[in-house]
Amino acid sequence: MNIQQYQIPQEVKDLIEQYRYLDLGSQKVRTPYFINKNRIRGGLRSHVGKGTPSELTNEVKIYAKLRKFDLNSASEDEIVNFMKSEALGIDCSGFVSHALLAWVQSQQRAKRMRTFINYKPRNIKQRLQYLTKPVMNTNVTILTNDINSDPVKVKDAQPGDVIKLSGYVRGDHIVLIVSVEKDPKGKVTEITYVHSGERFTVDNGIREGRIEVIDQNKSLDKQNWLEEDLQTGVKYTYEGLIKDTKNH
Amino acid sequence: MDIPITELKYILLAFTVSMLWAPFLIDFLYKLNITRQNVDFTQDIGENNLKLGTPIMGGLLLVIGISVISIMLNWNGSTKIPLLCMLISALLGGIDDLLNIFGRKRKLRTISKQIKLAKIHKRFIRRAMLWAALPWNIYQNIWFNFGSYPGKGLHAGEKFIIQILAGSSVAWWLYVRLGWSTIWMPFIDPINLGILFPVYVVFVIVAVANAVNISDGMDGLSAGTLLSSFWAFMIIAIERGNPELSVLAATSIGALMAYLYFNIKPARFEMGDVGSLAMGALLASIAFAIDRSILLLVICMPFVVEVSSSLFQSIYKKVFARRLFKMAPLHHHFQIVGWSEEKTVMRFWLFGILFAILGVVLGTY
């Protein structure tokens with residue numbers, strides 16, 4: 001059977017890999033989830049869940065030196081806990097923003113976020129903020145609003161599309177589709193996505209999930225979501241967790 | 001150039017006097033518990049935490065030593081104002097050091113809260129006072145937005161005003177009493193600043209004082225670098241035929257050498273703001289008094305680099321939410337990168353000597 005798989009560019013895969021395994025010398029550690037719930041402003045973007053892998057790596061090394069935390073002898077879990085204690089991690093929209101930015105940069109279509117995301121600043125202060133700190137001011141709402149995205153049906157899903165999940169305790173969530181499988185007839189059979197997810201006991205942070213498409217003519221909430229918590233075995237499907245799904 | 005015997009004698013005198021009473025000062029600081037407290041995150045870098053409990057305000061050795069010797073033996077029209085500037089800066093620094101140890105943490109009210117209180121407070125007198133204090137509150141909030149967080153000591157805005165006062169004494173002396181308004185420049189004609197000259201003087205004195213203050217973050221760093229700077233200005237003062245100021249610089253060198261003896265790692269005491277602000281102000285005042293202020297940019301290059309790194313880091317973080325250096329000032333960046341404290345300090349000393357030599361050479365043009 002000739003299955004067609006459509007994937008994201010290699011540059012984006014490389015970025016996701018860098019987030020998935022931060023290079024901390026002798027250790028490679030998955031970037032944990034972090035969200036700026038206290039709305040701290042004016043700090044480094046790596047401290048508000050919006051840093052790049054290299055920025056996060058640098059901050060971990062700086063803080064390891066400051067706190068005399070031995071990165072070489074610590075386990076992955078200890079390092080992840082250390083990162084969380086120092087507010088170092090990535091949130092869902094920060095991760096997707098950097099992935100999309102890597103994509104458009106690899107295609108040489110844009111160099112900066114503000115070139116392909118319309119922020120609609122309401123005043124000069126916001127205009128300056130979006131000009132100098134675009135990623136820090138990007139969130140799920142901006143990425144998935146009517147100005148910056150169009151809704152698509154499941155059967156038209158492509159790598160690079162995002163899925164917005166509403167109804168979480170802390171607001172909306174966003175995942176990035178990285179590959180779409182289609183059968184020889186062109187029907188979508190599986191969607192693979194990556195995200196920085198919070199709702200997992202031991203392995204929150206950068207994760208990959210799959211959606212088994214049962215009927216591509218139905219909405220995503222009617223499909224079979226397969227992402228599983230390693231510790232509890234609970235499958236984090238849409239049911240019971242979200243009220244609405246749109247893929248943009 | 002003849003051997004500057006007078007200056008060498010003053011170096012020896014200041015060194016000897018300072019060495020004799022330094023142990024008593026150290027003892028005095030310990031007794032009053034004027035020691036480094038657990039105040040900021042830089043103590044976690046390298047072995048900085050070992051400095052907890054080290055006496056600060058060791059700069060008193062410099063300030064008192066230089067003042068006493070100069071007042072007794074070198075008190076004249078050329079040295080009065082630089083010494084006054086030094087003493088005002090030392091007073092400011094001393095108050096800040098003491099407040100940082102014994103004071104309470106002060107909070108800063110936001111502008112909106114200040115206005116709200118001024119509108120709703122039930123007592124008229126209190127409302128009037130709150131409104132009257134609003135400009136000061138705005139001024140302090142501006143400093144806060146530039147990264148100056150209120151702690152126990154004086155706020156940055158408060159320090160700035162007193163430093164302006166110190167700088168103004170020199171500006172008044174040069175512009176009003178002596179009628180100076182030009183800046184000497186190497187290779188080209190002096191630049192006439194006119195009415196802006198006093199502004200320039202105040203700005204430079206405040207900048208140099210703060211630069212030395214910011215650089216005082218490792219054992220021996222600022223003292224060793226100040227030594228080469230004072231040496232350079234002593235030589236320039238001799239070459240310019242200004243014996244009073246060359247002797248003042250020599251006195252400073254002698255006192256600094258004695259201070260450095262106790263400040264080399266592991267330091268027996270630290271300069272504190274009382275010393276760093278005072279010595280920075282004195283250095284700048286001497287440079288102005290011999291009409292070679294522009295050479296501060298070259299001779300004090302290590303301090304310029306340190307303060308610039310802090311400034312650029314602050315601006316870059318604010319604007320782009322990213323680091324420019326791993327940490328600022330620059331000596332912390334080298335520590336984070338892996339240089340030992342001794343290596344960092346000695347390289348800064350070398351850097352200082354090189355630029356001091358360059359400054360002296362430029363001063364001859």
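Residues numbered from 1 in each chain as written. Chains lettered and ligands numbered in written order. Predicted model: local features only at pLDDT ≥ 70, side-chain atom pairs only at ≥ 80, totals over all residues. Heavy atoms only, no water.

Visitor: Looking at this structure, how should I read the side chain of Glu190 of chain A?
Guide: Residue and element names in this part refer to chain A. Position of Glu190 relative to the elements: it lies in strand 6 (residues 188–197). When its relative accessible area of 17% is taken as the criterion, Glu190 is described as buried. A polar atom in the side chain of Glu190 sits 2.8 Å from the side chain of Arg210. Residue contacts for Glu190: discarding those within four places in its chain leaves Ser179, Val180, Glu181, Arg210, Ile211 and Val213. (Helix = DSSP H or I, 4+ residues; strand = E, 2+ residues; numbered from the N terminus. Buried < 20%, exposed > 50% of the residue type's maximum accessible area, 1.4 Å probe, protein only. Polar contact = N/O pair within 3.5 Å; in protein donor to acceptor, adjacent residues only side chain to side chain. Contact = heavy atoms within 4.5 Å.)

Visitor: Honestly, helix 8 (residues 197–215) of chain B in this entry has me stumped. Any pointers?
Guide: Look at helix 8 of chain B: 27 Å from first C-alpha to last across 19 residues, which is about the 27 Å you get at 1.5 Å a residue. The buried fraction of helix 8 of chain B amounts to 14 of the 19 residues, a majority that puts the element mostly inside the structure. (Expected span 1.5 Å × (residues − 1).)

Visitor: How do you make sense of the domain arrangement of chain B when you look at a structure like this?
Guide: Accessible area lost upon the coming together of the parts serves often as the stated size of an interface. Residues and elements named next belong to chain B. Per the domain assignment, the segments making up chain B are domain 1 (5–106 + 153–363) and domain 2 (107–150). Between domain 1 and domain 2, the C-alpha centre-to-centre distance is 33 Å. Each side of the interface is counted separately: domain 1 has ten residues, and domain 2 has ten residues. Each partner contributes to the roughly 860 Å² buried at the junction of domain 1 and domain 2, and carbon and sulfur atoms together form 58% of this total. On the domain 1 side of the interface with domain 2, the three residues burying the most area are Arg106, His155 and Ala156, jointly 43% of the side's total. Remark: the boundary between domain 1 and domain 2 carries zero salt bridges. Joining domain 1 to domain 2, the criterion identifies three residue pairs in polar contact (both at pLDDT 80 or more). (Domains from an automatic or database assignment. Buried area = accessible area lost by both parts, 1.4 Å probe. Salt bridge = Lys/Arg side-chain N within 4 Å of Asp/Glu carboxyl O.)

Visitor: Help me out: how do you make sense of empty space enclosed by the protein in this one?
Guide: Residues and elements named next belong to chain B. Overall, the coordinates contain three cavities of 30 Å³ or more when judged by the stated rule. Looking at the second largest cavity, its volume works out to about 50 Å³. Lining of the second largest cavity is provided by Trp180, Thr182, Ile183, Trp184, Phe197, Tyr200, Ala287, Phe288, Asp291, Arg292 and Ser293. Only strand 1 (182–183), helix 8 and helix 11 (272–289) provide two or more residues apiece to the lining of the second largest cavity. Taken together, the residues of the lining of the second largest cavity break down into seven nonpolar, two polar and two charged. (1 Å grid on protein atoms, 1.4 Å probe; cavity = no way out; pocket = protein on both sides within 12 Å on 5 of 7 lines; lining within 4 Å. Points joined across faces, edges and corners; volume = space filled by probe spheres on them. Nonpolar A, V, L, I, M, F, W, Y, C, P; charged D, E, K, R; others polar.)

Visitor: Can you help me understand a nonpolar patch on the surface in this one?
Guide: Residues and elements named next belong to chain B. On the surface, Phe187, Ile188, Ile191, Leu350, Ile353, Ile357, Val361 and Tyr365 cluster together to form a nonpolar patch covering roughly 810 Å² of accessible area. A per-element tally of the nonpolar patch places helix 15 (residues 341–363) first, with four residues. Inspection of the secondary structure assignment puts Val361 in helix 15. (Patch = residues over 30% accessible without salt bridge, like charges linked within 9 Å, V, L, I, M, F, W, Y side chains within 5 Å. Areas by Shrake-Rupley, 256 points an atom, 1.4 Å probe, with all protein chains shown as cover.)

Visitor: What is the right way to look at the pattern of salt bridges in this model?
Guide: Pairs can form between side chains of opposite charge once their charged atoms are near each other. Applying the stated criterion to the full structure yields 17 salt bridges over all chains. Residues Arg20 of chain A and Glu17 of chain A are paired through a salt bridge, measuring 3.6 Å at the closest nitrogen-oxygen approach. With Arg20 of chain A and Glu17 of chain A both in helix 1 (residues 10–20), this residue pair falls three residues apart, about one helical turn. Glu342 of chain B is the partner of Lys265 of chain B in a salt bridge, and the nearest nitrogen-oxygen pair spans 3.5 Å. A residue pair is termed long-range when its members are at least 10 positions apart, and Lys265 of chain B in the loop between helix 10 (243–263) and helix 11 and Glu342 of chain B in helix 15 qualify at 77 residues. Taken together, the salt bridges that share partners define one network made up of Glu17, Arg20 and Glu208 of chain A.

Visitor: Any chance you could explain the nonpolar core here in plain terms?
Guide: Note that soluble globular proteins tend to have their nonpolar side chains buried in a common cluster. Ile66, Val201, Leu226, Phe230, Phe233 and Leu296 of chain B are the most contacted members of the largest nonpolar core, which has 84 residues in total. Not counting the four nearest positions on each side in its chain, Phe233 of chain B is found in contact with Leu283, Ile286, Ala287, Ile290, Arg292, Leu295, Leu296 and Ile299 of chain B. Core analysis: the next-biggest nonpolar cluster, separate from the first, contains 48 residues, Leu56, Val80, Met113 and Leu176 of chain A among them. (Core = buried A, V, L, I, M, F, W, Y, C linked by side-chain atoms within 4.5 Å.)

Visitor: Would you take a moment to explain the packing of aromatic side chains for this structure?
Guide: How two aromatic rings sit relative to each other is set out by the distance from centre to centre and by the angle between their planes. Residue and element names in this part refer to chain B. Inspection of every chain in the model, using the stated rule, returns 18 aromatic pairs over all chains. For the pair Tyr316 and Phe320, a centre-to-centre distance of 4.9 Å together with 50° between the ring planes defines the contact as tilted. Here Phe320 and Tyr316 lie together in helix 13 (residues 301–320), a separation of four residues that amounts to about one turn. On the basis of relative accessible area, Tyr316 is assigned to the partly exposed category, the value being 26%. The exposure class of Phe320 is partly exposed, given its relative accessible area of 32%. One aromatic cluster in this structure is built from Phe334, Trp339, Phe348, Phe351 and Phe355. (Phe/Tyr/Trp six-rings, centres within 6.5 Å; stacked < 30°, edge-to-face > 60°.)

Visitor: Would you mind going over the pairing of strand 7 (residues 205–212) of chain A with me for this structure?
Guide: Every other side chain in a regular strand lies on the same face of the sheet, so the side chains alternate between the two faces. All names here are of chain A. As judged from the eight bridges shared by strand 6 and strand 7, these two strands associate in the antiparallel manner. Considered in strand 7, the bridge of His195 is made with Arg207. Bridging between strand 7 and strand 8 (residues 224–225) involves two bridges; their strand directions are antiparallel. Counterpart to Ile211 in the pairing with strand 8 is Trp225. (Pairing = 2+ DSSP bridges.)

Visitor: Mind showing me how you'd approach the state of the cysteines here?
Guide: Linking two cysteines covalently through their sulfur atoms gives a disulfide. Residues and elements named next belong to chain B. Taken as a whole, this structure holds zero disulfides over all chains when the rule is applied. With no disulfide of its own, Cys300 lies 14 Å from the sulfur of Cys85, the closest cysteine sulfur. According to the relative accessible area criterion, Cys300 is buried, its value standing at 2%. (Disulfide = S-S within 2.5 Å.)

Visitor: Looking at this structure, how should I read a positive patch on the surface?
Guide: On the surface, a cluster of positive charge is contributed by Lys107, Arg109, Lys113, Lys116, Lys122, Arg123 and Arg126 of chain B. Assignment of secondary structure puts Arg123 of chain B in the loop between helix 4 (111–120) and helix 5 (124–132). (Lys, Arg positive; Asp, Glu negative; His and termini not counted. Charge placed at Lys NZ, Arg CZ, Asp CG, Glu CD.)

Visitor: Whenever I open this one, unusual backbone geometry confuses me. Can you help?
Guide: With glycine set apart, most residues show a phi of negative sign, and most peptide bonds adopt trans. A cis amide bond links Lys265 of chain B with the next residue in sequence, Pro266 of chain B, at an omega value of -5°. Within the secondary structure, Pro266 of chain B sits in the loop between helix 10 and helix 11. Following Ala328 of chain B, the chain continues to Pro329 of chain B via a peptide bond in cis, the omega torsion being -5°. Looking at where Pro329 of chain B falls in the secondary structure, it is placed in the loop between helix 13 and helix 14 (330–337). The phi dihedral of Lys120 of chain A falls on the positive side, at around 50°, and the residue is not glycine. Along the chain, Lys120 of chain A turns up in the loop between helix 5 (113–116) and helix 6 (124–132). For Lys120 of chain A, a relative accessible area of 55% gives the class exposed. Unusually for a residue other than glycine, Ala321 of chain B sits at a positive phi of about 60°. Within the secondary structure layout, Ala321 of chain B lies in the loop between helix 13 and helix 14. On the basis of relative accessibility, which here comes to 1%, the residue Ala321 of chain B falls in the buried class.

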